[in-house]
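The lines below spell out each chain.
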Amino acid sequence: MKSHSFVIREAKSDDLAALLALYTHLHEQGIPESTEHLAQTWETICNDSSHHIIVCEAEGQIVASCVCVVIPNLTRNIRPYALIENVVTHTQHRKKGYATACLDFAKEIAVQCNCYKIMLLTGSKNESTLRFYERAGYNSNDKTGMILWL
């Protein structure tokens, strides 16, 4: 998806450093050390056709992103579902539609994969963040999200 001022695309293997820097605007305390484990994890993600890291690039910089994972499923007429996580926009680039465009791209992927639903989890209790997700079409009425931290 291309706009006059930004491009929405799937991440490429050489986007790792930019993504890790962007994640510091989500909840990370810093950029992880470059280790073999990091390299192997990145390679696994890049080679997984069900794992989509969507990025918004503006002025040559990755300014927003989300992850969309398509999960095979044995219910709902054997249709998969999608899970959205790690929605983030660089603090200096918020309120420009970049994250919305990433979520729209994720929805396109889910539709192409014949998913019957998309689930999105957020750790935010901020009303403006929750309204943002509602404007993007998500609701908190149909399911209850529960997490067991390991």
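Residues numbered from 1 in each chain as written. Predicted model: local features only at pLDDT ≥ 70, side-chain atom pairs only at ≥ 80, totals over all residues. Heavy atoms only, no water.

Once that is clear, we can look at the sheet that holds strand β3 (residues 61-71). Strand order in the open sheet formed by five strands is β1-β2-β3-β4-β5, with mixed pairing between adjacent strands. A strand with exactly one partner marks an edge of an open sheet, and here the two such strands are β1 (7-10) and β5 (118-120). Strand after strand, the sheet turns through a mean of 25° between neighbouring axes, direction not considered. Judged from the three bridges that link them, strand β4 (residues 81-89) and β5 form a sheet pairing that is parallel. Pairing of A82 across the sheet is with I118, part of β5. (Pairing = 2+ DSSP bridges. Helix = DSSP H or I, 4+ residues; strand = E, 2+ residues; numbered from the N terminus. Axes fitted to C-alpha atoms, helices over the stretch in contact; angles between N-to-C directions.)

By the element assignment, K117 lies in the loop between α3 (98-112) and β5. Of the buried charged residues, K117 lacks a salt bridge, with D142 as the closest side chain of opposite charge at 9.2 Å. In terms of polar contacts, K117 uses its side chain to reach the side chain of Y116, at 3.4 Å. (Buried < 20%, exposed > 50% of the residue type's maximum accessible area, 1.4 Å probe, protein only. Lys, Arg positive; Asp, Glu negative; His and termini not counted. Salt bridge = Lys/Arg side-chain N within 4 Å of Asp/Glu carboxyl O. Polar contact = N/O pair within 3.5 Å; in protein donor to acceptor, adjacent residues only side chain to side chain.)

Applying the stated criterion across every chain, the model contains two aromatic pairs. Seen from their ring centres, F6 and Y98 are 5.1 Å apart, and the 70° between their planes marks the pair as edge-to-face. Of this pair, F6 sits in the segment before β1 while Y98 sits in helix α3, and the two are 92 residues apart along the sequence. There is no split in this pair, since F6 and Y98 are both buried. Seen in terms of ring centroids, F132 and Y133 are 5.1 Å apart; in terms of plane orientation they differ by 55°. Their pairing is tilted. (Phe/Tyr/Trp six-rings, centres within 6.5 Å; stacked < 30°, edge-to-face > 60°.)

Before going further, it helps to examine the pairing of strand β2 (residues 51-58). Note on strand geometry: in a regular strand, side chains alternate between the two faces of the sheet. Along β2, six of the eight residues are buried, which leaves the element largely enclosed by surrounding structure. Where β1 meets β2, four bridges bridge the pair, whose relative direction is antiparallel. Bridge assignment links E10 to a residue of β2, and that residue is I54. As paired elements, β2 and β3 share eight bridges and run antiparallel to each other. Paired with V55 across the two strands is S65, which belongs to β3. The turn linking β2 back onto β3 is made up of two residues, and E59 within it adopts a positive phi angle of 55°.

Moving on: the nonpolar core. Grouped together as the largest cluster of nonpolar side chains are 27 residues, with contacts concentrated most on I8, I54, C56, C66, I84, V87 and L103. Secondary-structure elements contributing two or more residues to this core are β2, β3, β4, α3 and α4 (127-135). Considering every element that reaches this core, the biggest residue donor is α3, with nine residues. Once residues lying within four places of it in the same chain are set aside, the contact partners of V87 are L26, S65, C66, A99, L103, L120, F132 and Y133. (Core = buried A, V, L, I, M, F, W, Y, C linked by side-chain atoms within 4.5 Å. Contact = heavy atoms within 4.5 Å.)

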